[in-house]
Amino acid sequence: MVLSTVLPRTRPAAVAGFFYPGEAAALRADLRAVLDAAHPAPALVAPKMLLVPHAGYVYSGPIAAQAYAALAPWASAVHRVVLLGPTHRVALRGLAAPTVAAFETPLGPVPLDRAALDALAALPQVVAHDGAHAREHALEVQLPFLQAVLGEFTLVPLAVGEASPGEVAEVLERLWGGADTLVVISSDLSHYLPYRSAQAIDRATVDRIGRFATDLEVDEACGARPLAGALQAARAHGLRPRLLDLRNSGDTAGDRDRVVGYCAMVFEPAAAPEDAEAGVERHIEGDSALGDALLVRARNSIAGALGEPAAAEPDHPALAELGATFVTVHVGDELRGCIGTLAARRRLDEDVRAHAHAAAFADHRFEPVRRDELAALRIEVSLLGPSEPLEAADEAQARAALRPGIDGVTLRWRGRSATLLPQVWAQLPDPGDFLATLKRKAGLARDFWARDLRLERYTVRKFAPRSAA
């Protein structure tokens, strides 16, 4: 590792007030707004790696929030973040490691894992270079998101210049760690193309990322160098990519003449642990007749919009009652939409049709389902049971009252709210960890409690075609 001039022991925030609010209260409010608005399809296993954009929050914040919201249910397990992104201002050969002790943001300092950084010294592709970090925004803009979701953690930040996929992958292998280590790759997609051209090119790039392409070019993704190496490592560790959002600046805050593309992806272990699968089964089995009725109506809603005839719809008395559903649509193994609600505001018959149509055609993260894809269409319907108050004078009573593997829980306190589905118990079987994650998702400290804090619980039944269940 080649030494360079050492800057102050803390790197100050370089783009606060430009890429994101420079005042802590305003920054927290912006983060809370985009995280609360993010509703990624729930997963049964914690993500190991995130791919997130790095433009100003007004442009890419809503897209990045999808990945960070997907991370939130497992936040209490993560204690270290390995963060890689490109260098925009400094020409560099290799990967630049800072020599400072912390990175500052308006939300406070983030301590660096100096032991991990020092352990990279023997690798010839790693150089000590504070200058590469001094004004770089690609890594900095991720820190407030990570602070909002994780709370306390240590950071291993690396700015990547000219480096081969193998060189990046070798560094990541040394830092990979276990469930307590999260890898975050910061990259935008195409730059300054017309809106429709960018949509087509970014979709093709995302498809290549999903196939673990290691020959990505910077005109496809400005973070192609760190991303290619991360994909090599992800493939070696058997991770599976899942696209959460794909948009561009023309969808958020910019004009459509020259846009920048953004995506949010998570990379997860290929299968949930056996105990996680067992935990899910406790709440996905239900009334098969109702499941058939819901699934047929969901498919008919999509088929009818594509000009296809409707199948016969079996009746069920529950369809006339108020109900809340989430509908998830896959084409083959590819997720193409997930839309739903936690509150029962209309008849179940209407709710499942509306959410099926929205999942297939109005989930802005994905291309709408096409008529030629109907044969490969796979639909799942999750039916949420009614919420009931969970009475507890303090957290000890709340922990004792919870039913692991069964209860979905909603927290409400003075305008803040958050929910965790029952599936999350598979990764957080301890009621204390479950509640801590729920509070942090609502923007509260893990040890927070107040007399006017309210908890509600509900159950979930998940229905899928029997051949796919």
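Note: the structure precedes this text.
The rules we used
Residues numbered from 1 in each chain as written. Predicted model: local features only at pLDDT ≥ 70, side-chain atom pairs only at ≥ 80, totals over all residues. Heavy atoms only, no water. Helix = DSSP H or I, 4+ residues; strand = E, 2+ residues; numbered from the N terminus. Polar contact = N/O pair within 3.5 Å; in protein donor to acceptor, adjacent residues only side chain to side chain. Contact = heavy atoms within 4.5 Å. Salt bridge = Lys/Arg side-chain N within 4 Å of Asp/Glu carboxyl O. Buried < 20%, exposed > 50% of the residue type's maximum accessible area, 1.4 Å probe, protein only. Pairing = 2+ DSSP bridges. Axes fitted to C-alpha atoms, helices over the stretch in contact; angles between N-to-C directions. Parallel < 35°, antiparallel > 145°, perpendicular 65-115°, else oblique. Left-handed = near helix turned anticlockwise from the far one by under 90°. Expected span 1.5 Å × (residues − 1). Core = buried A, V, L, I, M, F, W, Y, C linked by side-chain atoms within 4.5 Å.

### Quick look at the side chain of Arg336
Thinking step 1. Looking at the element boundaries, Arg336 is found in strand β14 (residues 334-340).
Thinking step 2. Of note is the side chain of Arg336, whose polar atom sits 3.2 Å from the backbone oxygen of Glu367.
Thinking step 3. Excluding residues within four positions of it along the chain, Arg336 makes contact with Val329, His330, Val331, Ala359, Asp363, Phe366, Glu367, Pro368, Val369, Arg370 and Glu373.

### Brief notes about the pattern of salt bridges
Pairing is possible between side chains of opposite charge, provided their charged atoms come close.
Thinking step 1. Applying the stated rule across the entire model yields 31 salt bridges.
Thinking step 2. In this structure, Arg11 engages Glu140 in a salt bridge whose closest nitrogen and oxygen atoms are separated by 3.0 Å. Of this pair, Arg11 sits in strand β1 (residues 10-11) while Glu140 sits in helix α5 (residues 137-140), and the two are 129 residues apart along the sequence.
Thinking step 3. In this structure Arg11 comes out as buried when scored by relative accessible area, which is 7%.
Thinking step 4. Judged by relative accessible area, Glu140 falls into the buried class, the value being 1%.

### Looking at the sheet that holds strand β18 (residues 408-413)
Thinking step 1. One open sheet accounts for four strands, arranged β17-β20-β18-β19; its pairing is antiparallel. Each edge of the open sheet carries a strand with a single partner, namely β17 (388-389) and β19 (416-420).
Thinking step 2. For β18 and β19, the ladder comprises five bridges, and the chain directions are antiparallel. Across the sheet, the residue bridging to Arg412 is Ser417, located in β19.

### A short note on the environment of Leu390
Thinking step 1. Relative to the helices and strands, Leu390 resides in the loop between β17 and α14 (395-401).
Thinking step 2. For the pair Leu390 and Arg454, spaced 64 residues apart in sequence, the C-alpha to C-alpha distance is 7.7 Å.
Thinking step 3. Look past the residues within four positions of Leu390 in its chain and what remains in contact with it is Ala398, Ala401, Leu402, Leu455, Glu456 and Arg457.

### Brief notes about the packing of helix α7 (residues 165-175) against helix α9 (residues 224-236)
Thinking step 1. Axis separation between α7 and α9 bottoms out at 7 Å; the angle between their running directions is 60 degrees. Comparing the axis directions of α7 and α9 gives the class oblique. Crossing angle aside, the handedness with which α7 passes α9 is right-handed. When α7 is examined against α9, the residues Pro165, Gly166, Val168, Ala169 and Leu172 are found in contact with a partner set consisting of Arg225, Pro226, Ala228, Gly229, Ala230, Gln232 and Ala233.

### Considering the pairing of strand β20 (residues 454-458)
Thinking step 1. Pairing of β17 with β20, which is carried by two bridges, proceeds in the antiparallel orientation. The partner of Glu388 across the bridge, within β20, is Arg457.
Thinking step 2. With five bridges connecting them, β18 and β20 associate as antiparallel partners. Directly across from Val409, in β20, lies its bridge partner Arg457.

### Topic: unusual backbone geometry
Thinking step 1. Even without glycine at this site, Tyr192 takes up a positive phi of about 65 degrees.
Thinking step 2. For Tyr192, a relative accessible area of 47% translates into the label partly exposed.
Thinking step 3. Unusually for a residue other than glycine, Phe212 sits at a positive phi of about 60 degrees.
Thinking step 4. Examined against the element boundaries, Phe212 turns out to sit in the loop between α8 (195-210) and α9.

### So, α9
Thinking step 1. For α9, with 13 residues, the first-to-last C-alpha span of 18 Å sits near the 18 Å given by 1.5 Å per residue.
Thinking step 2. Along α9, the residues classified as buried are Ala224, Pro226, Leu227, Ala228, Gly229, Ala230, Leu231, Ala233 and Ala234.
Thinking step 3. Immediately beyond the C-terminal end of α9, within one or two residues, lies Gly238, with a positive phi of roughly 75 degrees.

### A short note on the nonpolar core
Thinking step 1. Core analysis: the biggest nonpolar cluster contains 95 residues, and Tyr68, Val81 and Phe267 have the highest contact counts within it.
Thinking step 2. Element by element, the count of residues in this core is highest for helix α2 (residues 57-71), at nine residues.
Thinking step 3. Leave out the neighbours within four places in its chain, and Val81 touches Leu146, Leu150, Phe153, Thr154, Leu155, Val156, Leu182 and Val184.
Thinking step 4. Within the second largest apolar cluster, 25 residues are counted, among which are Leu295, Ile302, Ala303 and Val327.

None of this, on its own, says anything about what the molecule does.
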